[in-house]
Amino acid sequence: MKKVFFLALFCVTASLAKAEQVVVQTRHNTLVLNVEKGAQPKYVYYGAKLSALDLQHLQTPRADGRMEIYPAHGLNTPAEAALAMRHADGNLSTALIAESVEQNGDLTTINLKDPVYPITVKLKYKAYEEVDMIEAWTEITNGEKQPVTLTTFASAMMPIRRGDVWLSHFYGSWANEARLVEEPLTPGQKVIVNKDGTRNSHTDHGEVMFSLNGKGQENTGDVIGAAICYSGNYRLKVVTDDTDYHYFFAGINEDNSEYHLKKGETFKTPALALTFSQEGLSGVSRNFHKWGRTYKLMHGNKERKILLNSWEGVYFDINQKGMDQMMADIASMGGELFVMDDGWFGDKYPRKVDNSSLGDWVVDKNKLPEGIEGLLRDAKKNGVKFGIWIEPEMANTTSELYEKHPDWIVKAPNREPVLGRGGTQVVLDLSNPKVQDFVFSIVDNLMSKYPEIDYIKWDANMAIMNHGSQYLTMGNQSHLYIEYHRGFEKVCQRIRDKYPDVTIQACASGGGRANWGVLPWFDEFWVSDNTDALQRIYMQWGTSYFFPAIAMASHISATPNHTVFRTTSMKYRIDVAMSGRLGMEIQPKNMTDEEKALCRQAIKEYKQIRPIVQFGNIYRLVSPYDRKGLASMMYVTDQKDKAVWYWWKTESFQNEHLPRVKMAGLDANRMYKVHELNRIDLKPLDCEGKSYSGAYLMNHGLDVPYRNEVDWGKKTDWASRVLLLEAE
Ligand code: GLA
């Protein structure tokens with residue numbers, strides 16, 4: 001007899017009979033597994049929601065695919081495994097057969113066990129009904145008398161039917177983060193790994209999309225989105241061999257990380273978040289953004305302040321007067337927060353450049369004789385909030401901390417440490433509870449002494465260069481990468497338990513910590529140290545696939561840009577920064593009055609559109625990667641009553657023929673009034689103040705001039721537009 005389990009609001013535990021369908025549903029998605037007592041559970045379906053009738057018609061998995069949803073190594077060894085272990089007696093084979101299924105509200109658990117060895121595995125699926133997300137993870141428990149060694153331990157596996165499946169992923173590095181790559185899946189393996197140790201979104205992102213019907217389109221087509229919610233080393237792998245399916249495995253990167261699971265211990269993998277959309281790549285992005293803002297991102301429902309960060313303005317040249325001046329300047333432009341970056345600390349070793357003092361989190365009294373108190377007083381005087389930079393997981397060998405605790409750094413016993421930034425940087429060993437206490441105390445000391453601190457920029461500028469822990473036993477050296485992140489999470493949780501309100505930015509040499517593993521404790525991340533507006537369009541485009549604008553710190557900076565030395569117009573820099581969480585990172589003292597006036601106007605207008613940008617739904621329209629000479633995207637409110645449309649030219653040639661951009665996401669039947677923001681042109685646009693139907697805007701679109709029409713001496717080769725649309 002075929003039974004069907006539905007996700008229900010009550011608890012059902014069932015021991016299994018024959019071939020039962022386990023169904024996990026969200027508003028528009030269905031996942032179906034086939035679970036039979038004594039057999040391995042099998043994948044049946046993941047995609048658009050199916051009715052009860054359709055579910056009955058689902059065929060049992062075909063023989064020409066290996067459909068085990070969590071294949072274990074040992075009894076079908078040619079197949080790729082999600083789990084492999086060395087049992088206490090040395091046996092390398094594991095069998096996982098179904099025992100029972102529990103459905104309890106939004107959580108489905110499939111209980112598996114090895115029929116010979118007392119190993120139990122729980123496959124967990126948590127449904128986020130409203131936002132079409134399913135989180136999948138695994139819990140492995142050792143019932144053997146001695147430790148077993150886990151050598152492969154994926155969070156989840158998902159077969160994807162072959163056809164014309166394309167992968168979108170996001171490679172990059174420092175100052176060039178989140179570059180979009182789109183490629184068809186071909187036979188062989190596609191492996192995306194991170195081995196940084198501390199941060200994980202340089203090199204490549206832990207998030208991918210699979211477009212199921214050819215190269216992904218932004219607003220049409222079936223797309224699966226997947227994100228590994230982890231802050232450490234990960235591995236995403238697609239195996240395509242001689243069956244009808246691609247096999248997608250995701251989890252912690254097991255390289256040099258075999259895990260000794262003690263008797264009675266449970267190993268919980270990070271979650272893989274999965275969504276499916278029939279509205280293309282942007283549809284998957286909207287699901288991730290909504291899920292993220294509602295359930296994951298710290299303060300996902302709270303508008304972010306407009307800030308000035310001191311880094312590109314003064315770098316290490318911090319002093320009381322300079323900070324006061326920057327606070328006064330950002331306040332005069334309408335900003336709400338000032339963040340003092342690196343360079344404010346160190347007593348015996350004052351932080352003058354990047355080669356000392358990390359670990360010594362006391363104010364440099366030569367630079368700031370009145371201490372943080374003085375800065376807070378000036379912030380109050382200027383009417384802005386105050387924020388501060390720290391890099392708590394790190395130290396320099398030139399620091400009092402290192403002199404006291406050389407055993408606290410990540411380093412293999414018997415080896416000299418490999419040094420990072422400034423030739424002296426080292427990583428603190430977060431597997432050590434004493435180090436966890438110390439890292440917690442950095443925030444705790446600041447916040448308990450100065451509760452007015454409103455914002456913390458938490459940086460992390462070094463990878464684990466030397467594998468090894470002076471705290472872990474020699475037998476458990478392979479636990480370092482995993483224990484580091486367990487320690488990191490514990491510290492973050494302690495901070496949030498005590499300081500739930502402070503805003504915290506995750507920075508890691510720019511965009512090294514853009515992932516759903518850190519965002520439950522952080523409000524936002526720094527997208528990149530590269531603030532060049534043109535390159536930011538490409539990086540923010542890629543980043544927006546999985547992360548909402550509210551989390552993407554995007555700052556107006558000086559020209560020539562300090563990384564790429566490009567000179568863009570102030571209007572262009574503003575128009576790009578205004579598509580994320582707007583801020584400034586510039587020395588206002590060096591700005592002209594005209595530039596300041598433009599920024600003042602931009603900040604005023606951003607306040608007006610802030611809820612649309614920060615809580616709206618994204619529709620990417622023309623990709624910069626398609627090299628059509630422009631890029632365009634928009635945000636639309638849930639009610640579809642307001643939208644902001646961005647148009648940035650990415651090249652400048654004479655006698656160009658750019659496509660007219662069709663908008664998306666509007667209500668076809670409503671009329672929208674158009675108003676240009678950040679206007680610099682001498683004359684208003686033709687469309688200014690006019691109203692157009694949503695249908696017209698989506699089927700035809702607006703023509704805008706290819707250049708900003710300004711006085712002769714002010715013309716530049718940069719052109720951009722930001723339009724506000726308001727339903728009447
Ligand atoms: C990193 C960050 C920058 C800045 C510097 C300070 O590079 O990404 O934004 O904070 O450190 O040293």
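A short note on the overall build of the protein chain
Then comes step 1: Summing up its helical and strand segments, the protein chain has twelve helices and 38 strands in all.
Then comes step 2: Relative to its length of 728 residues, the protein chain is compact, with a C-alpha radius of gyration of 27 Å against a globular reference of 27 Å.
Then comes step 3: Each of the three principal axes of the protein chain carries a C-alpha extent, and together these read 80 × 70 × 45 Å.
Then comes step 4: When the 728 residues of the protein chain are sorted by exposure, 63% land in the buried category.
Then comes step 5: For the protein chain, long-range pairs separated by at least 24 residues make up 69% of all intrachain contacts whose partners lie at least 6 apart in sequence.
Then comes step 6: Of the roughly 27,000 Å² that the protein chain leaves accessible, carbon and sulfur atoms contribute 50%.

Let's talk about the site of the ligand
Then comes step 1: Taken together, 13 residues lie around the ligand, and Asp341, Asp342, Lys457, Gly510 and Asp529 are the ones closest in.
Then comes step 2: Residue Lys457 places a side-chain N or O atom 2.8 Å away from an oxygen atom belonging to the ligand.
Then comes step 3: Asp459 places a polar side-chain atom, nitrogen or oxygen, 3.0 Å from an oxygen atom of the ligand.
Then comes step 4: Split by residue class, the shell around the ligand holds four nonpolar, three polar and six charged.

Remarks on the packing of helix α9 (residues 533-543) against helix α10 (residues 570-577)
Then comes step 1: Axis separation between α9 and α10 bottoms out at 9 Å; the angle between their running directions is 15°. With respect to each other, α9 and α10 are oriented roughly parallel. Of the two possible hands of crossing, α9 and α10 adopt the one that is left-handed. Residues Ala533, Leu534, Arg536, Ile537 and Gln540 of α9 pack against Tyr572, Arg573 and Val576 of α10.
Then comes step 2: Tallied by class, residues from the contact of α9 with α10 come to five nonpolar, one polar and two charged.

Here's the deal with the side chain of Arg610
Then comes step 1: If you trace the backbone, Arg610 turns up in helix α11 (residues 593-615).
Then comes step 2: Taking the relative accessible area as the measure of exposure, Arg610 reaches 8% and is therefore buried.
Then comes step 3: Once residues within four sequence positions are removed from consideration, Arg610 is found in contact with Glu303, Arg304, Lys305, Ile306, Glu336 and Phe615.

Looking at the confidence of the model for the protein chain
A low pLDDT means the predicted coordinates there should not be read in detail.
Then comes step 1: Averaged over every residue, the pLDDT of the protein chain is 96; residues scoring 70 or more account for 97%.
Then comes step 2: Confidence over residues 7-11 falls short of pLDDT 50; this stretch has 16 contacts with residues more than four positions distant or in other chains.

So, the sheet that holds strand β24 (residues 337-340)
Then comes step 1: Pairing is parallel around the closed barrel formed by eight strands, whose spatial order is β23-β24-β25-β28-β29-β30-β31-β32. This sheet shows a mean twist of 30° between the axes of neighbouring strands, independent of strand direction.
Then comes step 2: Sheet topology note: the strand β25 (residues 385-390)/strand β28 (residues 453-458) ladder contains five bridges and is parallel. Note that in β28 the partner of Phe386 across the bridge is Ile453.
Then comes step 3: Along the sheet face, helix α4 (residues 320-332) touches β23 (307-309), β24, β25 and β32 (581-585) and points at about 150° away from the line of β24.
Then comes step 4: Here α10 sits on the sheet in contact with β31 (552-557) and β32, set at roughly 170° to β31.

Focus on the packing of aromatic side chains
Then comes step 1: If you walk through the whole model with that rule in mind, you get 29 aromatic pairs.
Then comes step 2: Seen in terms of ring centroids, Trp311 and Phe316 are 5.1 Å apart; in terms of plane orientation they differ by 90°. Their pairing is edge-to-face.
Then comes step 3: The exposure class assigned to Trp311 is buried, which follows from its relative accessible area of 16%.
Then comes step 4: Members of the aromatic cluster, connected to one another through ring pairs, are Tyr128, Phe170, Phe288, Trp291, Tyr295, Trp516, Phe525, Tyr545, Phe546 and Phe547.
Then comes step 5: A cation over an aromatic ring shows up here: Lys237 above the ring of Phe249, its NZ or CZ 5.3 Å from the ring centre.

Some remarks on the domain arrangement of the protein chain
Then comes step 1: You can read the domains of the protein chain as domain 1 (62-94 + 108-122 + 139-296), domain 2 (340-529) and domain 3 (619-727).
Then comes step 2: For domain 1 and domain 2, the distance between their C-alpha centres works out to 30 Å.
Then comes step 3: Taken together, the contact between domain 1 and domain 2 spans 34 residues of the former and 36 residues of the latter.
Then comes step 4: Interface area for domain 1 against domain 2, summed over the two sides, is near 2,600 Å², with a carbon-plus-sulfur share of 52%.
Then comes step 5: Linking domain 1 with domain 2 are zero salt bridges.
Then comes step 6: Taken together, the connections running from domain 1 to domain 2 amount to 22 residue pairs in polar contact (both at pLDDT 80 or more).
Then comes step 7: When contributions to the side of domain 1 that touches domain 2 are tallied by element, the ones reaching two or more residues are β13 (176-184), β20 (259-261) and α2 (280-296).
Then comes step 8: No other element matches α2, which puts four residues into the side of domain 1 that touches domain 2.
Then comes step 9: The class makeup of the residues in the side of domain 1 that touches domain 2 is eleven nonpolar, 14 polar and nine charged.

Here we look at the sheet that holds strand β33 (residues 617-622)
Then comes step 1: A sheet is described by the order of its strands in space; here six strands give the open sequence β33-β34-β35-β38-β36-β37, paired in antiparallel fashion. Of all strands in the sheet, those bounded by a partner on one side alone are β33 and β37 (691-693). Pairs of neighbouring strands in the sheet enclose a mean axial angle of 25°, with direction left out of account.
Then comes step 2: This element, α9, spans β33, β34 (630-636) and β35 (642-649) of the sheet and lies at about 45° to β34.
Then comes step 3: Lying on the sheet, α10 is in contact with β35, β36 (671-677) and β38 (720-727); it crosses β38 at an angle near 45°.

What to know about the pairing of strand β4 (residues 29-35)
Then comes step 1: Burial of β4 is extensive: seven of the seven residues sit out of reach of the surface.
Then comes step 2: Along β4, one buried face is formed by Asn29, Leu31, Leu33 and Val35 and the opposite face, lined by Thr30, Val32 and Asn34, is buried too.
Then comes step 3: Judged from the six bridges that link them, strand β3 (residues 20-25) and β4 form a sheet pairing that is antiparallel. If you follow Val22 over to β4, its bridge partner there is Leu33.
Then comes step 4: Linking two consecutive strands that pair antiparallel, namely β3 and β4, is a turn of three residues.

The rules we used
Residues numbered from 1 in each chain as written. Predicted model: local features only at pLDDT ≥ 70, side-chain atom pairs only at ≥ 80, totals over all residues. Heavy atoms only, no water. Helix = DSSP H or I, 4+ residues; strand = E, 2+ residues; numbered from the N terminus. Rg over C-alpha atoms; globule rule 2.2 N^0.38 Å. Buried < 20%, exposed > 50% of the residue type's maximum accessible area, 1.4 Å probe, protein only. Contact = heavy atoms within 4.5 Å. Areas by Shrake-Rupley, 256 points an atom, 1.4 Å probe, with all protein chains shown as cover. Near = heavy atom within 4 Å. Polar contact = N/O pair within 3.5 Å; in protein donor to acceptor, adjacent residues only side chain to side chain. Nonpolar A, V, L, I, M, F, W, Y, C, P; charged D, E, K, R; others polar. Axes fitted to C-alpha atoms, helices over the stretch in contact; angles between N-to-C directions. Parallel < 35°, antiparallel > 145°, perpendicular 65-115°, else oblique. Left-handed = near helix turned anticlockwise from the far one by under 90°. pLDDT = per-residue confidence, 0-100. Pairing = 2+ DSSP bridges. Phe/Tyr/Trp six-rings, centres within 6.5 Å; stacked < 30°, edge-to-face > 60°. Lys NZ or Arg CZ within 6 Å of the ring centre and 35° of its normal. Domains from an automatic or database assignment. Buried area = accessible area lost by both parts, 1.4 Å probe. Salt bridge = Lys/Arg side-chain N within 4 Å of Asp/Glu carboxyl O.

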